[in-house]
Amino acid sequence: MALGISVLLKVGLLLLTAAQVLPLVSACNRGFYEGMINDLCLAKFRLDMGGLDQGLWCSWTDTMEIYEGVTNCTYQVALRMDCFWPNHVVDRFFVNIHQLYFRDCALTGRLLHDPPVSILAPFITVPVLVTLLMTALVVWRSKRTEGVL
C-alpha cells in the first residue's frame, strides 16, 4: 500500500516538473490542477487519516498536522502550476474533505462565546457613564447664561 502511494507521488512530481518545463497556453489549467491535487494531496490525506483512529478525526490537536499538510500540498501544487491559491478548485476540494471526514464533528469548542462579565462590564459601563456625564455637562452649561451673547 505504501509502495503504491510512493510511486503515485513520484509520478505526480514528475508530471509537475514536466508541467513547469512545457510552455503553457494559459496560466493555469484548472482541470489538470484539480486532478493533481486529487491524485497527490488527497491520496496523502486519505493515507494519513486512515492511519489515525476514526474517533480522533474530530480532534483538532490530532488532525492539525495532517490538515496543514494537505493545505500546504494544494498550495505547492498551485505554485508549481502557476495557479492562484486559494481558488474555486481548492474551495471545492476542502468542502469535499469536510463532507467526507468532518461532517459528524460537533461545533462545540469552536463557537463564539460572550466574554466573561469581568471583561464585558467595563466596555458597557464606561460609555454609559461618559454619555451621562456629557449630558449633565450640556444641561449644566445651558443653564449658565453668563457670558453668552
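Our subject is the structure listed above.
Residues numbered from 1 in each chain as written. Predicted model: local features only at pLDDT ≥ 70, side-chain atom pairs only at ≥ 80, totals over all residues. Heavy atoms only, no water.

**Student:** So what about the packing of aromatic side chains? Which residues, and what values?
**Tutor:** By the definition in use, this model includes seven aromatic pairs. Pairing F45 with Y101 gives two aromatic rings, centres 5.1 Å apart and planes at 90°, and the pair type is edge-to-face. Of this pair, F45 sits in helix α2 (residues 30–50) while Y101 sits in helix α4 (residues 88–101); the two residues are 56 residues apart in sequence, bridging distant segments of the chain. Neither F45 nor Y101 differs from the other in exposure class; each is buried. Relative to Y67, the ring of W60 has its centre 5.8 Å away and its plane inclined at 65°; by these criteria the two rings are edge-to-face. Overall, the relative accessible area of 18% leaves Y67 in the buried class. A network of ring pairs unites the aromatic residues W60, Y67, F93, F94 and F102 as a single cluster. (Phe/Tyr/Trp six-rings, centres within 6.5 Å; stacked < 30°, edge-to-face > 60°. Helix = DSSP H or I, 4+ residues; strand = E, 2+ residues; numbered from the N terminus. Buried < 20%, exposed > 50% of the residue type's maximum accessible area, 1.4 Å probe, protein only.)

**Student:** Outline the environment of N87, listing residues and values.
**Tutor:** For N87, the location among the structural elements is in the loop between α3 (60–80) and α4. The exposure class assigned to N87 is buried, which follows from its relative accessible area of 14%. Residues N87 and R30, spaced 57 residues apart in sequence, show a C-alpha to C-alpha distance of 9.6 Å. Looking at N87, its side chain comes within polar contact range of the main-chain oxygen of F84, at 2.6 Å. At a separation of 2.8 Å, a polar atom in the side chain of N87 contacts the main-chain amide nitrogen of V90. (Polar contact = N/O pair within 3.5 Å; in protein donor to acceptor, adjacent residues only side chain to side chain.)

**Student:** Before we move on, could you go through the environment of V77 and cite the residues and values that matter?
**Tutor:** Within the secondary structure, V77 is located in helix α3. The sequence separation of V77 and L40 amounts to 37 residues, and the corresponding C-alpha distance is 8.8 Å.

**Student:** Give a description of unusual backbone geometry that names residues and reports values.
**Tutor:** With an omega dihedral of -5°, the bond running from W85 to P86 counts as a cis peptide bond. Assignment of secondary structure puts P86 in the loop between α3 and α4. Of note in this structure, D82 is not a glycine but carries a positive phi near 60°. Positionally, D82 belongs in the loop between α3 and α4.

What is shown is where atoms sit, not what they do.
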